[in-house]
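# Topology and contacts: notes
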Amino acid sequence: MIAFRVAAMAAVLVLVPGLASAQSEPLTVYRGATLIDGTGAPPKPGMSILVKGERIERIWRDGEIAFKLPPQTKVVDVSGQYVLPGLTDSHQHLATPPARTWAEAELKRSLYGGITSIRDMADDLRNVADLSRAARIGEIAGPDIYYAALMAGPSFFEDKRVHAASRGARAGEVGWMQAIGPRTDLPLAVAQARGLGASAIKVYANLPGETVAEIAAEAHRQGVPIWAHAAVFPATPAQVLDAKADVVSHVCMLAYQVSDPIPGQYHNRAAVEEGRFGQGVHPAMAGLYARMKADGVVLDATVRIYEAMKGRPAKPYCSTDLAARLTREALEAGVTISAGTDGASAPEAAYPSLHEELELLVDKAGFTPMQAIVAATRNGALSVRRDADFGTVEAGKLANLVFVAKDPTADIRNLRTVITTVKRGVAYARADYDPKADLAARKSQP
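Everything numeric in this text was worked out from a predicted model, so none of it was measured.

Conventions and cut-offs
Residues numbered from 1 in each chain as written. Predicted model: local features only at pLDDT ≥ 70, side-chain atom pairs only at ≥ 80, totals over all residues. Heavy atoms only, no water. Core = buried A, V, L, I, M, F, W, Y, C linked by side-chain atoms within 4.5 Å. Buried < 20%, exposed > 50% of the residue type's maximum accessible area, 1.4 Å probe, protein only. Helix = DSSP H or I, 4+ residues; strand = E, 2+ residues; numbered from the N terminus. Contact = heavy atoms within 4.5 Å. Pairing = 2+ DSSP bridges. Arc of directions from axis to C-beta. 1 Å grid on protein atoms, 1.4 Å probe; cavity = no way out; pocket = protein on both sides within 12 Å on 5 of 7 lines; lining within 4 Å. Points joined across faces, edges and corners; volume = space filled by probe spheres on them.

## A look at the nonpolar core
Among the nonpolar cores identified, the biggest contains 113 residues, and Ile201 and Leu299 are the most heavily contacted of them. Looking at this core element by element, the count peaks at 6 residues for strand S11 (residues 144-152). Beyond its immediate chain neighbours, meaning those up to four positions away, isoleucine 201 contacts Ala149, Met151, Val190, Ala193, Ile215, Ala219, Val224, Pro225, Ile226 and Trp227. Counting residues in each nonpolar core, the second largest holds 15 residues, with Val76, Val78, Val83 and Val422 among its members.

Here's what the structure looks like:
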């Protein structure tokens, strides 16, 4: 457990404005950590963070400023620890098909592993919405969840997964899984997704470029972001970018820009033609990277999923080596890259799969540890358009923090030394988490 002690700060100069009358909101000072703020700036030792309720009130270096705090303030000595923004997994699936026991165990492992927000990339939103509510109010231990409603061409709805995520209803005809055709009322379709509380619309597969553009235009008119596969088949990556997608997923799907021709459907796609890439950056890819940088498109690279595909019966459509290479090229071209996983780590693993993605970004894609940290913090917040609320450690933002014992800028694996995760001001001590207690639940994933 965290050892709290009630105290005033050692040096007393002024009363912090607004705090004396804020008796209803708890006040906590985390004092003495090395701050890695999520911006990419160098670590700052000896920093203190004042949390008021669920938000950060003030940040200062020990000895530079002194405050008089109300006597009920809790002071937590975190000297020797490193504090970062809470991490974001920008690509997860929590309910395809729904399995509540498994999902709660996975969310718990994520929170105690340093993750304070998740981008759920289309599932049974009846289940995800309830998980989101429960995690948001502290009914279950888990990150905040931001989720998408899915749109795809009618032919995609032969996929068994969409039927599993629509049980009791007709896949393609529900607000969270919509088949889009020439007669679709797009304003109504987008409104239905909004009515489910979706943070975005995920454009998935089997749609031509002009239809992707029409969906995106209507979604943006209604203030809804577009999270798209980087290739929608037959829509090319260039057409997805033409449509002004806000976030694109799966770096290897960008590689279909050099395929001739691009596959016509998601389920019948051939593998990426890796032999076309040769040495250096392919001109077609350079063009995509430049457009993504100019338009502020976030790339949810998911290098980990290509590594995971190695153990599957079906041949992967792209190698880990190419995925890592393209991710590195995008980084060097100035593209904003977030850290998403598209899957869970092994049931017996003590930490969630986001740590695997970050380690691949460093080991395979050539990121520095700091660049990987930014991908999972600031850029993760950008992927869900919540950068005003979290992603960096700043006054006014949510108190989403993770404290670790070792310096993750020296070795990204040091993120696996979590001591405490703070979500919306509530502390979750890693010492209180027993990975073995939920092992059976994690093994129950469908």
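Now that the structure is up, let's keep going.
## Topic: the pairing of strand S5 (residues 55-61)
Relative to S5, strand S4 (residues 44-52) is paired through 6 bridges, and the arrangement is antiparallel. By the bridge assignment, leucine 50 is partnered in S5 with arginine 58.

## Some remarks on helix H4 (residues 186-195)
Residues that lie three or four places apart on an α-helix share one face, since the helix turns once every 3.6 residues. Those residues of H4 lying buried are Leu186, Ala189, Val190 and Ala193. Angularly, the buried residues of H4 cover 95 degrees about the axis, an arc narrow enough to put them on a single face. Packed against the buried residues of H4 are S11, strand S13 (177-179), strand S14 (200-203) and helix H5 (209-221). Directly beyond the C-terminal end of H4, a positive phi value near 85 degrees is found at glycine 197.

## Topic: the layout of surface pockets
Taken as a whole, the largest pocket holds about 1,000 Å³ of empty space. What lines the largest pocket is a set of 39 residues, and nearest its centre among them are Arg161, Tyr266, Ile305, Arg312 and Asp342. Secondary-structure elements contributing two or more residues to the lining of the largest pocket are strand S9 (87-92), helix H3 (160-164) and helix H9 (303-308). In terms of residue count, H3 provides more of the lining of the largest pocket than any other element does, 4 residues in total.

Don't take any of this as a statement about function, it's just geometry.
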